[in-house]
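What follows is the residue order along each chain.
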Amino acid sequence: MSRRTVLAGGLATATASFFGAANPAEAAAATRPGGGHGGHGKPRLLGFPAIPPSVADQVMLPPGYQYQVLFPWGHPIEPSGPAFAENAGNSAAEQARQAGDHHDGMWFFPLRGGRSGLLCVNHECTTEQLLHTDGRANWSAEKTAKSLAAHGVSVIEIEQNHRDDRWRIVESRFARRVTMTTPTEVTGPAAGHRLLRTSADPSGVRVLGTLNNCASGPTPWNTYLTCEETINKYFYYGEQPPPAGSAEDRYGIGSESPYPWYTTDSRFDMRKEPNEYNRFGWVVEVDPFDPSSKPKKRTALGRMEHENAVVVRGRHGEAVVYMGDDTQFDYFYKFVGAEPIHQALRHRRSPLDRGTLYVARFEEDGSGTWLPLVHGRPGLTEADGFADQAEVLIHARLAADAVGATPMDRPEWCTVQPRTGAVFFTCTNNTARTESVNAANPRLNNRFGHIMKIDEGGNPSAKTFEWDIFLLAGDQASGATVPPDQAFGSPDGLWFDAAGRLWIQTDGTQPMVNGAPQNNQMLAADTRTGDIRRFLVGPPRSEITGITATPDGRSLFVNIQHPGDSGTPDNPRASSNWPDFSPTGRPRSATIVITRKDGGVIGG
Ligand code: FEO
Ligand code: CA
Ligand code: CA
Ligand code: CA
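This is a predicted model, so every value here is computed, not measured.

## Focus: the coordination of the calcium ion (ligand 4)
Inference 1: With distances of 2.3 to 3.2 Å, the protein atoms coordinating the calcium ion (ligand 4) are E412 (OE), E412 (OE), D492 (OD) and D507 (OD).
Inference 2: Sequence spacing of the donors to the calcium ion (ligand 4): E-x79-D-x14-D.
Inference 3: Distance-wise, the calcium ion (ligand 2) is placed 5.6 Å from the calcium ion (ligand 4). One end of the pair, E412, is in strand β20 (residues 411-416); the other, D492, is in strand β24 (residues 491-496), and 80 residues separate them in sequence. The exposure classification of E412 matches that of D492, with both residues buried.

Written as structure tokens, this is what we have:
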């Protein structure tokens, strides 16, 4: 067995090795509240007591913390906008001026010192049974239009009241909805390619909308990247699924679509528009400070089921972007720009339009390689089915297959550690791993997932790296390296705050941890010591995703996605009635703001 497989086998060994604690007892002591310091004489990063698991219809927080509901589904993006109808009776046109559904990645762009700012929020998808008064019954063009309008991005301007610290949404020239009908532009190597042309757009550069906006990332030049993820489910292929081995098959297109959009809009019917789906699955750049700007689909970053996109500066000042592809046995990627960011911006070029896309290979000995996805290299020639670089990018998954990347257990969010530059990313779970493991994915039937760490020696432009497993999630029976009282499953959202706390958000579809059901949650970890503490638990059937803070760390924004999504038109409150608790209402995805009653830094 490899060194890493052995390390993954037990808590004591793993705690000492992964977290660098002198001994397991010290690491365990550090998980107790009031432990004083975090080991190594460093100041303790986590200053709150861990809370227990919960199945309550509420957002649970540690003592001394409070939250407000800021921006639930259907809330107008400006106070003067259309009010939310709790029977889901808002029209498509109203929905296009309100918060979309399924809040996911987001980012706070401070204005005027940080007590106000622009908040960009992704709306990943929709719960159709709750989006319309009568759910999926009597499907119509109006229902398709409302569903399209509930996808995309919101940009809202918010400010904090000095007297009570509460946040509110204000009238703003920046307030904006980007939806599935907003004109966008395709840029980079695949712009205008024949595989991106449709009958409505022979140019192959003018796409209506952005789809399944999962997680996100800010850029150093103050724009917002929104990442298109599970695009396959919106397109109808036909009664038979695509042939095995086809690009459509590799991109997850099935024989049916759970979204009936294609019944009223032919662009979602692949029998009529076989290329429309190629126009989704990209990282899309939105400039929140220019409400008239068109979102740009940056094709140099490759097409896949993107989770988030983390941008840092490389050794030469170029943009380096880390990205996961969230599908069972898919890959982890990195883009390295061709020129310094400042040079590109000076010449009015995007720092994301020219450069090299790499995919990660994790060796058994703990080393790793970034494999370039460049047309003409072995496996990526015309004879291999790639006519040009655009096809390498449009079919990035096929290219990554061809060069021997390491199939992972569903890479979701990544984040870069302040000061060290180490890249952490979640592998949320993979129950389809039934036959073989590798050192980076060491568990068969990986129900609970794990968190990876990549060390590039402080050089984001590097072609090689060292890697390790930061933790194995789950309960003791599954071989987890997390203390049993902090057990969690399916890590998904992941973010280092400015102080170096690692926030972990879960999206568990496996209900049982330690033999008991628990709602999804958010924990904070001190990666130096292994101290890990449950900070928040959400309402039933919600996932916790999306996280951003004010620069002072005293307001933390978190999204509660799809609470109570088993509700039906007859019984919308079947599993949750959060956050309104109206006897005639329905559960709503929402952005919440967490503050400390004493005004302190969140998590500290
Ligand atoms: Fe949108 Fe993979 O989560
Ligand atoms: Ca989701
Ligand atoms: Ca996710
Ligand atoms: Ca997930």
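## Considering a negative patch on the surface
Inference 1: On the surface, a cluster of negative charge is contributed by E364, D365, D455 and E466.
Inference 2: Looking at the secondary structure, you find E466 in strand β23 (residues 464-472).

## A closer look at the sheet that holds strand β17 (residues 355-362)
Inference 1: Across the sheet, nine strands lie side by side as β13-β14-β16-β17-β18-β23-β22-β21-β20; this open sheet has antiparallel pairing. Only two strands of the sheet have a single neighbouring strand rather than two, namely β13 (306-313) and β20. Taken over all neighbouring pairs, the strand axes of this sheet differ in orientation by 30° on average, direction set aside.
Inference 2: Bridge count between strand β21 (residues 423-427) and strand β22 (residues 450-455): five bridges; the pairing is antiparallel. For F425, the partnering residue across the bridge sits in β22 and is M452.

## Structural notes on the layout of surface pockets
Inference 1: In this structure, the second largest pocket occupies an estimated 630 Å³ of space.
Inference 2: Mapped by element, the contributors of at least two residues to the lining of the second largest pocket are β2 (103-111), β9 (213-218), β13, β20, β24 and β30 (543-549).
Inference 3: Among the elements that make up the lining of the second largest pocket, the one with the highest residue count is β13 (five residues).
Inference 4: When the residues that make up the lining of the second largest pocket are grouped by side-chain class, the tally is 25 nonpolar, nine polar and four charged.

## Topic: the coordination of the calcium ion (ligand 2)
Inference 1: Coordination sphere of the calcium ion (ligand 2), protein contribution only: E124 (OE), E543 (OE) and Q561 (OE1), at 2.4 to 2.6 Å.
Inference 2: In this model, the calcium ion (ligand 2) sits 5.4 Å from the calcium ion (ligand 3). Note that E543 is positioned in strand β30 and Q561 in strand β31 (residues 556-561), a separation of 18 residues in sequence. Across the pair, Q561 and E543 agree in class, each one buried.

## Comments concerning helix α10 (residues 396-403)
Inference 1: Of all the positions in α10, only A396, R397, A399 and A400 are classed as buried. For α10, the arc enclosing every buried residue in end-on projection is 160°, short of the 170-degree limit, so these residues lie on one face.
Inference 2: Summarising the contacts, the buried residues of α10 are in contact with α7 (247-250), β14 (318-325), β15 (328-330), β16 (332-340), β17 and α9 (389-394).
Inference 3: Phi turns positive, to about 85°, at G404, one or two residues after α10.

## Some points on the state of the cysteines
Inference 1: Following the criterion strictly, the structure yields zero disulfides and no others.
Inference 2: C414 supplies the cysteine sulfur nearest to C427, a cysteine that is in no disulfide, at a spacing of 11 Å.
Inference 3: Looking at C427, the relative accessible area reads 0%, which means it is buried.

## Remarks on the environment of E157
Inference 1: With respect to the helices, strands and loops of the structure, E157 is situated in strand β4 (residues 152-160).
Inference 2: Since its relative accessible area comes to 8%, E157 is described here as buried.
Inference 3: For the pair E157 and L119, spaced 38 residues apart in sequence, the C-alpha to C-alpha distance is 6.3 Å.
Inference 4: Excluding its chain neighbours within four sequence positions, the residues that come into contact with E157 are L111, R112, G117, L118, R168, I169, V170, E171, S172 and F174.
Inference 5: Here R112 takes part through its side chain, which lies 3.2 Å from a polar atom of the side chain of E157.
Inference 6: Only 2.5 Å separates the side chain of E157 from the side chain of S172, close enough to count as a polar contact.

## Some words on empty space enclosed by the protein
Inference 1: Within this structure, the stated rule accounts for one cavity of 30 Å³ or more.
Inference 2: The computed volume of the largest cavity comes to approximately 80 Å³.
Inference 3: If you go around the largest cavity, the residues you meet are W73, D101, T127, L130, L131, H562, P563, P587, R588 and S589.

## Quick word on helix α6 (residues 141-149)
Inference 1: Taken together, the buried positions of α6 are occupied by K143, T144, K146, S147, L148 and A149.
Inference 2: Where α6 is buried, its residues touch α4 (92-95), α5 (128-131) and β6 (176-178).

## Concerning the nonpolar core
Inference 1: The biggest cluster of nonpolar side chains holds 54 residues, and the ones touching the most others in it are F235, W261, M323 and Y333.
Inference 2: Within the residue set of this core, elements represented by two or more residues are β10 (224-228), β13, β14, β16, β17, α9 and α10.
Inference 3: With four residues, α9 is the largest single contributor of residues to this core.

## Thoughts on the environment of E256
Inference 1: Along the chain, the position of E256 falls in the loop between α7 and β11 (283-286).
Inference 2: What makes E256 exposed here is its relative accessible area of 61%.
Inference 3: Linking E256 and D455, residues 199 residues apart in sequence, is a C-alpha distance of 42 Å.
Inference 4: When near neighbours in sequence (up to four residues on either side) are disregarded, E256 contacts F235 and Y236.

Rules of the game
- Residues numbered from 1 in each chain as written.
- Chains lettered and ligands numbered in written order.
- Predicted model: local features only at pLDDT ≥ 70, side-chain atom pairs only at ≥ 80, totals over all residues.
- Heavy atoms only, no water.
- Donors = N, O, S within 2.8 Å, 3.2 Å for Na, K, Ca; no water.
- Helix = DSSP H or I, 4+ residues; strand = E, 2+ residues; numbered from the N terminus.
- Buried < 20%, exposed > 50% of the residue type's maximum accessible area, 1.4 Å probe, protein only.
- Patch = residues over 30% accessible without salt bridge, like charges linked within 9 Å, V, L, I, M, F, W, Y side chains within 5 Å.
- Areas by Shrake-Rupley, 256 points an atom, 1.4 Å probe, with all protein chains shown as cover.
- Salt bridge = Lys/Arg side-chain N within 4 Å of Asp/Glu carboxyl O.
- Lys, Arg positive; Asp, Glu negative; His and termini not counted.
- Charge placed at Lys NZ, Arg CZ, Asp CG, Glu CD.
- Pairing = 2+ DSSP bridges.
- Axes fitted to C-alpha atoms, helices over the stretch in contact; angles between N-to-C directions.
- 1 Å grid on protein atoms, 1.4 Å probe; cavity = no way out; pocket = protein on both sides within 12 Å on 5 of 7 lines; lining within 4 Å.
- Points joined across faces, edges and corners; volume = space filled by probe spheres on them.
- Nonpolar A, V, L, I, M, F, W, Y, C, P; charged D, E, K, R; others polar.
- Arc of directions from axis to C-beta.
- Contact = heavy atoms within 4.5 Å.
- Disulfide = S-S within 2.5 Å.
- Polar contact = N/O pair within 3.5 Å; in protein donor to acceptor, adjacent residues only side chain to side chain.
- Core = buried A, V, L, I, M, F, W, Y, C linked by side-chain atoms within 4.5 Å.

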